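# Report on the structure
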Amino acid sequence: MSMILQQLATPVLIEAIEKNLVEEMAWFGRALPQAELHKTPELLTFYTGAGGPNGVLYTRFASDDIRYVAARIDDVMEYFGARGVAFGWSVGPSARPAQLASLLEARGFTYSASTTGMAIDMLAMREDVPHNTELNITEIVDLEHLRILRDMEMRGFGATEAGAQQYHDVYAGAGFGNGLPWHHFIGWLGGAPVAIASLLYHAGVAGIYGVTTAPEARRQGVGAAMTLHVLRYARANGYRIAILSPTSMSEAIYRRIGFNDYCKLHHYGSPPRK
C-alpha cells in the first residue's frame, strides 16, 4: 500500500489526485479479459475494443522538442488506428511537455471535457450536513450484489446496459472487499436499493467514485448519506485524505461536506478516422 497522505499539501496532493483518477480508468485495461494496458516511462495507454473506452491516461515525454512530441503522438495514433478505434487523450497536471494540449490540437485532437479533482481532510469534514438517517448502507461482498450496482448504474446515471455491464465486469475482474483496493456500497430504503458508491484506495488517498441515487429517492439526503458513509469507512481504515471528481448534480453536496478544488484533467478526442 502507498504511504498514506496526511495533509492537503500541494504539489504532493495534486499528484495523488491525478494518480487515483488515472488508476480508476487503468482498471479497464487491467481487469477486462479482452483489454490491454501498456505502461512505459512516457505513456500509460489502455485498449478495451471497438466499444471503448480507449485512450492515453498519462503522458511524460522524455523531450519537449516539438518534432519528438509530434512523432510520439503519431505513434499513438497509429497504434489505435491499426485497431480501428477512436480514443481519448487525458492531459493532467503532470503531463509533459507543458504545451501538450496545444500540440494535440495541432495534430487534429479536439477538446471534449474536463475533470475537476477535489479533496478533503476527513478529520475536518463537516458531518452535520443534512442527510438521510434512515438509509441502510451495506458493503458489496459478492457478485450477486454487484449486479445490483450494475442495475443502479442504469437507474442513477442513465447508463446504457452495455456501459453498466462493462463497469460490472471491471469491478468483478479487479476484485473487491477486504484487503483489496476497491470497495462498493449499496444504500437501502425500505428494503429496496436506492443508491450506490465506490471507493478506491490508491496513491495514499481514498478515491470516491460512482455515487448515484435512483430518481425516486433524490432530494431526500441519500447522496449525502452515502458520501458520508464512504468517507467514514475510509477514515476508519486509516486514510485521512479523500478525493473525487464531482458531477454537476453532486458538486453542491461535496462542497457542503468540505471538498475543495485542487486540479483539473483535460480530455481530448482523437481526430476522425479517414
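To start, this report covers the structure provided alongside it. (Residues numbered from 1 in each chain as written. Predicted model: local features only at pLDDT ≥ 70, side-chain atom pairs only at ≥ 80, totals over all residues. Heavy atoms only, no water.)

## Side note on the pairing of strand 7 (residues 182-189)
Rules: Each residue is placed in one exposure class: buried if its accessible area under a 1.4 Å probe, protein chains only, is under 20% of its type's maximum, exposed if it is over 50%, and partly exposed if it falls in between. What counts as a helix is a DSSP run of H or I of at least four residues, what counts as a strand is a run of E of at least two, and both are numbered from the N terminus. Any two strands with at least two DSSP-identified bridges between them are counted as paired.
With 8 of its 8 residues buried, strand 7 lies for the most part within the structure. The alternating pattern of strand 7 places Trp-182, His-184, Ile-186 and Trp-188 on one face and His-183, Phe-185, Gly-187 and Leu-189 on the opposite face, and all of these are buried. Here 4 bridges tie strand 6 (residues 136-139) to strand 7, and the two strands are oriented antiparallel to one another. Counted as the bridge partner of Ile-137 is Gly-187 from strand 7. Sheet analysis places strand 7 next to strand 8 (residues 192-202), joined by 8 bridges and oriented antiparallel. In the strand pairing of strand 8, His-183 is matched with Leu-199.

## What to know about the sheet that holds strand 10 (residues 241-244)
For the record, the criterion: For helices, the fitted line uses only the C-alpha atoms of the stretch in contact; every axis is such a line through C-alpha atoms, and the angle between N-to-C directions lies from 0 to 180 degrees.
Spatially, the 11 strands line up as an open sheet ordered 1-2-3-4-11-5-10-9-8-7-6, and their pairing is mixed. Whereas interior strands pair on both sides, the edge strands pair on one side only; in this sheet they are strand 1 (36-39) and strand 6. Recorded for the sheet is a direction-independent mean angle of 25° between the axes of neighbouring strands. Taken together, the 4 bridges between strand 5 (residues 110-121) and strand 10 define a ladder with antiparallel strand orientation.

## A short note on unusual backbone geometry
Peptide bonds are mostly trans, and most non-glycine residues show a negative phi. Here the amide bond leading from Thr-10 into Pro-11 is cis, since omega sits at 5°, within 30 degrees of zero. Along the chain, Pro-11 turns up in the segment before helix 1 (12-31). Residue Pro-97 is bonded to the preceding Arg-96 through a cis peptide linkage, with omega at 10°. The residue Pro-97 is located in the loop between strand 4 (88-91) and helix 3 (100-106) in this model. Look at Ala-203: it is not a glycine, yet its phi comes out positive at around 60°.

## Side note on the side chain of Ser-198
As a reminder, the rule being used: Polar contact is defined as a pair of N or O atoms within 3.5 Å, subject to the rule that within protein one atom must be able to donate a hydrogen and the other to accept it, and that residues adjacent in sequence are counted only when both atoms are side-chain atoms. Contact definition: two residues touch when any of their heavy atoms are within 4.5 Å.
Take Ser-198: it is sitting in strand 8. Using a relative accessible area of 2% as the deciding quantity, one classes Ser-198 as buried. In this structure the side chain of Ser-198 is engaged in a polar contact, spanning 2.7 Å, whose partner is the side chain of His-184. Not counting residues up to four positions away in its chain, the partners in contact with Ser-198 are Leu-149, Tyr-171, Trp-182, His-183, His-184, Gly-207, Ile-208 and Tyr-209.

All we've got here are geometric facts, nothing functional implied.
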